[in-house]
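Here is what each chain is made of, one letter per residue.
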Amino acid sequence: MFYKRIELRPKIQGIQIDSQMQKLFWHFLYALDCNGQILKYYKVIQEENVVLYATAPKEDSLDEKYDSVYVREDREKISELFSICVKDCGKDLGSNEYCECEKRGAMEMRTFFQDADSPFTCCDCGNPVALYELPKPKGAEDFLCVRLWRQDYCAIDLLWGNSFDDRYTGRQCTEPDSPLSRQGRIIAQYVADGLGYPVYYHLVCGSGEEGQTHTCPVCGQKMRRRKMGENEIDVCDECKLSYDANCRLRAQAFAGARLFFGRGRLFSGNPKPSFCFFCLRGIIFVFPLQNSKLCAIIISKKR
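In what follows, the accompanying structure is described. (Residues numbered from 1 in each chain as written. Predicted model: local features only at pLDDT ≥ 70, side-chain atom pairs only at ≥ 80, totals over all residues. Heavy atoms only, no water.)

**Side note on the overall build of the protein chain**
Thought 1: Across its full length, the protein chain holds six helices and 13 strands.
Thought 2: Within the protein chain, the fraction of its 303 residues that count as buried is 46%.
Thought 3: Put simply, of all contacts in the protein chain between residues at least 6 apart along the chain, 59% involve residues at least 24 apart.
Thought 4: With an accessible surface of roughly 16,100 Å², the protein chain has 50% of that area assigned to carbon and sulfur atoms. (Helix = DSSP H or I, 4+ residues; strand = E, 2+ residues; numbered from the N terminus. Buried < 20%, exposed > 50% of the residue type's maximum accessible area, 1.4 Å probe, protein only. Contact = heavy atoms within 4.5 Å. Areas by Shrake-Rupley, 256 points an atom, 1.4 Å probe, with all protein chains shown as cover.)

If you want it as structure tokens, here you go:
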């Protein structure tokens with residue numbers, strides 16, 4: 001991830017930045033976001049000139065050759081009044097490297113509630129793939145549908161993690177025929193059709209014991225285990241679905257917690273619950289409330 005400073009230098013001296021211009025700046029950033037040229041963290045700052053700060057997946061992500069129709073239109077409008085000067089501020093050392101493979105054999109489509117990267121991951125190197133390098137979904141001029149799907153998925157995943165195993169949200173992420181999964185699988189297929197190689201749609205967890213290959217939830221066949229960078233995934237080449245290898249169903253963690261707190265008692269004979277809890281990506285934190293003391297008990301580790 002690279003930090004970019006986009007300075008807009010006025011071509012006309014004394015130009016006033018009105019509300020319509022501000023909307024144009026924000027629309028330009030939004031169009032770049034929808035095309036995958038920048039990620040979701042961006043700002044418009046008034047310095048000596050107007051400066052747009054954004055994060056980009058690659059060093060050359062803002063090159064005009066990657067522009068969508070909408071980015072090109074906004075860039076032309078801004079260029080009538082401003083010179084667009086892009087400066088690299090540096091690289092985020094804690095961010096993911098993006099795929100640089102010349103050829104890819106397959107990709108996986110996945111995300112999670114805090115993810116800001118592209119939801120497409122190269123199955124060869126295990127790194128995310130910049131959206132603008134991929135064929136656009138059928139009938140689209142950018143990747144807005146991918147952005148909206150990721151936004152929905154992140155919201156549902158966050159709700160699932162914080163709701164102590166809510167059934168509806170859990171089904172959205174684990175079942176192949178849920179509305180969220182159907183939408184994602186359609187997008188994955190559109191992208192795969194333009195690439196000529198498979199794009200697997202990732203489902204959270206799965207059936208089977210740890211160490212064993214998963215069974216496809218659609219066709220019932222044993223899935224094939226393959227490398228993805230330094231990790232392994234189980235894939236169904238027929239149904240284009242994938243699971244993390246060796247994962248365990250996150251619901252087991254919640255079930256264990258329910259058994260542990262089966263009668264709603266914690267260090268107390270009081271039949272009413274005397275604790276509060278929250279869950280973060282499969283880690284259940286429980287806080288006893290008795291005597292106003294706080295302590296955290298980790299019931300299960302992150303899968």
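**A look at a nonpolar patch on the surface**
Thought 1: Where nonpolar side chains cluster on the molecular surface, the patch consists of Tyr30, Leu144 and Leu148 and spans about 220 Å² of accessible area.
Thought 2: Turning to its location among the elements, Leu148 is positioned in helix α3 (residues 144-162). (Patch = residues over 30% accessible without salt bridge, like charges linked within 9 Å, V, L, I, M, F, W, Y side chains within 5 Å. Salt bridge = Lys/Arg side-chain N within 4 Å of Asp/Glu carboxyl O.)

**Comments concerning the pattern of salt bridges**
Thought 1: Applying the stated criterion to the full structure yields 15 salt bridges.
Thought 2: Between Lys4 and Asp88 there is a salt bridge, and its shortest N-O distance comes to 2.3 Å. With Lys4 in strand β1 (residues 2-10) and Asp88 in strand β4 (residues 82-91), this pair connects stretches of sequence that are 84 residues apart.
Thought 3: For Lys4, a relative accessible area of 3% translates into the label buried.
Thought 4: The partner of Arg226 in a salt bridge is Asp124, with the nearest N and O atoms 3.6 Å apart. Note that Arg226 is positioned in strand β8 (residues 224-228) and Asp124 in the loop between β6 (120-122) and α3, a separation of 102 residues in sequence.
Thought 5: Because the salt bridges share partners, they merge into one network encompassing Arg5, Glu7, Arg9 and Glu47.

**Comments concerning the pairing of strand β2 (residues 42-46)**
Thought 1: In the sheet, β2 pairs with strand β3 (residues 50-56) via five bridges, with the strands oriented antiparallel. Note that in β3 the partner of Ile45 across the bridge is Val51.
Thought 2: Following β2, the chain reverses through three residues before pairing antiparallel with β3. (Pairing = 2+ DSSP bridges.)

**Re the state of the cysteines**
Thought 1: Taken as a whole, this structure holds zero disulfides when the rule is applied.
Thought 2: Among the cysteines around Cys145, which has no disulfide bond, Cys34 carries the closest sulfur, lying 9.9 Å off. (Disulfide = S-S within 2.5 Å.)

**Details of the side chain of Ser61**
Thought 1: Looking at the element boundaries, Ser61 is found in the loop between β3 and α2 (69-79).
Thought 2: Apart from the residues lying within four places of it in its own chain, the contact partners of Ser61 are Gln37, Ala56, Tyr66 and Tyr132.

**Section: the nonpolar core**
Thought 1: Ranked by size, the top nonpolar core spans 32 residues in total, and within it Met107, Met109, Phe120, Leu134, Val199 and Tyr201 carry the most contacts.
Thought 2: Contributions of two or more residues to this core are made by β5 (107-109), β6, α3, α5 (179-195), β7 (199-202) and β10 (241-244).
Thought 3: Those residues in contact with Met109 that lie beyond four places of it in its chain are Pro119, Phe120, Trp149, Gly184, Ile187, Ala188, Val199, Tyr200, Tyr201 and His202. (Core = buried A, V, L, I, M, F, W, Y, C linked by side-chain atoms within 4.5 Å.)

**Some details on the packing of aromatic side chains**
Thought 1: A complete count under the given rule lists five aromatic pairs for this structure.
Thought 2: Ring centres 5.7 Å apart and planes at 75° place the aromatic pair Phe25 and Phe82 in the edge-to-face group. With Phe25 in helix α1 (residues 19-34) and Phe82 in strand β4, this pair connects stretches of sequence that are 57 residues apart.
Thought 3: Between Tyr66 and Tyr132, the aromatic rings sit 4.4 Å apart at their centres with planes inclined by 40°, giving tilted as the arrangement. Pair noted here: Tyr66 is in the loop between β3 and α2 and Tyr132 is in the loop between β6 and α3, with a separation of 66 residues, a long-range link. Each member of the pair, Tyr66 as well as Tyr132, carries the same accessibility label: buried. (Phe/Tyr/Trp six-rings, centres within 6.5 Å; stacked < 30°, edge-to-face > 60°.)

**Some details on the sheet that holds β4**
Thought 1: Strand order in this open sheet of four strands is β2-β3-β1-β4, and the pairing throughout is antiparallel. Every other strand in the sheet has two partners, leaving β2 and β4 as the edge strands with one partner each. Pairs of neighbouring strands in the sheet enclose a mean axial angle of 20°, with direction left out of account.
Thought 2: Pairing between β1 and β4: nine bridges, direction antiparallel. Counterpart to Lys4 in the pairing with β4 is Asp88. (Axes fitted to C-alpha atoms, helices over the stretch in contact; angles between N-to-C directions.)

**Looking at unusual backbone geometry**
Thought 1: For Lys240, which is not a glycine, the phi torsion comes out positive at approximately 60°.
Thought 2: Looking at the secondary structure, you find Lys240 in the loop between β9 (231-236) and β10.
Thought 3: A relative accessible area of 26% means that Lys240 is categorised as partly exposed.

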